[in-house]
Amino acid sequence: MGNVTPEIIFTDILTYRKPEAVAWVNGNAQNPQLHGTVKFFSTPYTGVLVATEIFGLPDTDAPSKTSFYAMHIHESGNCTLPFDQTGGHYNPTDAPHPDHAGDMIPLMGNQGYAWLSFYDKRFAIPDIMGRSVIIHRMPDDFHTQPSGNSGDKIGCGIIR
């Protein structure tokens, strides 16, 4: 039997454990079909495992259509439409973009569906409770300050 790697432990966490926090994401007025979850799991490595499943992303009409969407944790957990009360990216260390603790891996949507899982040590679950997860219409360019030129906020969910 081989060594137990983080991948094996992460797969076990995703399969058998309940998340410690979840953001139920819903779309804005232009994207009412957008919905899904962003789940946050603690790990034995002091970091957080994030699992995202989103349905109804724009650009679903063309077969094999792939689009990228920025996903960030924002300061405020106010998802009142049109999602303009969420504040900036969660950034407790005042780091430049894309090193904010709230800067996450982009979603890759295929005909409106995206699934993503990743590990992050830049935040802990208690630090993000009550904040929001935002999905932006465009991909993050990873250099424009302060937020990556990622376009409109098309989805929002409060981390609970």
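Structure's up top.
Residues numbered from 1 in each chain as written. Predicted model: local features only at pLDDT ≥ 70, side-chain atom pairs only at ≥ 80, totals over all residues. Heavy atoms only, no water.

What follows covers the pairing of strand β8 (residues 132–136). Strand residues, when the strand is regular, have side chains that alternate between the two faces of the sheet. For β8, the tally of buried residues reaches five of five residues, placing the bulk of the element in the interior. Sheet analysis places β8 next to strand β9 (residues 153–158), joined by five bridges and oriented antiparallel. Paired with S132 across the bridge in β9 is I158. (Buried < 20%, exposed > 50% of the residue type's maximum accessible area, 1.4 Å probe, protein only. Helix = DSSP H or I, 4+ residues; strand = E, 2+ residues; numbered from the N terminus. Pairing = 2+ DSSP bridges.)

With respect to the helices and strands, D140 occurs in the loop between β8 and β9. For the buried D140, which has no salt bridge, the nearest side chain bearing the opposite charge is R122, at an N-O separation of 9.2 Å. A polar side-chain atom of D140 sits 2.8 Å from a polar atom in the side chain of H97. A polar contact of 2.7 Å, which involves the side chain of D140, links it to the backbone nitrogen of F142. (Lys, Arg positive; Asp, Glu negative; His and termini not counted. Salt bridge = Lys/Arg side-chain N within 4 Å of Asp/Glu carboxyl O. Polar contact = N/O pair within 3.5 Å; in protein donor to acceptor, adjacent residues only side chain to side chain.)

Spatial ordering of the open sheet is given by β5-β8-β9-β1-β2-β3-β7, a layout of seven strands whose pairing is antiparallel. Each edge of the sheet is formed by a strand with only one pairing partner; in this case those strands are β5 (71–74) and β7 (114–120). Between one strand axis and the next, the sheet turns by 20 degrees as a mean value, whatever way the strands run. Sheet topology note: the β5/β8 ladder contains four bridges and is antiparallel. Across the sheet, residue I73 finds its bridge partner in β8, namely V133. Against the sheet, helix α1 (residues 6–16) contacts β2 (35–42), β3 (48–55) and β7, and its axis sits at roughly 55 degrees relative to β3. (Axes fitted to C-alpha atoms, helices over the stretch in contact; angles between N-to-C directions. Contact = heavy atoms within 4.5 Å.)

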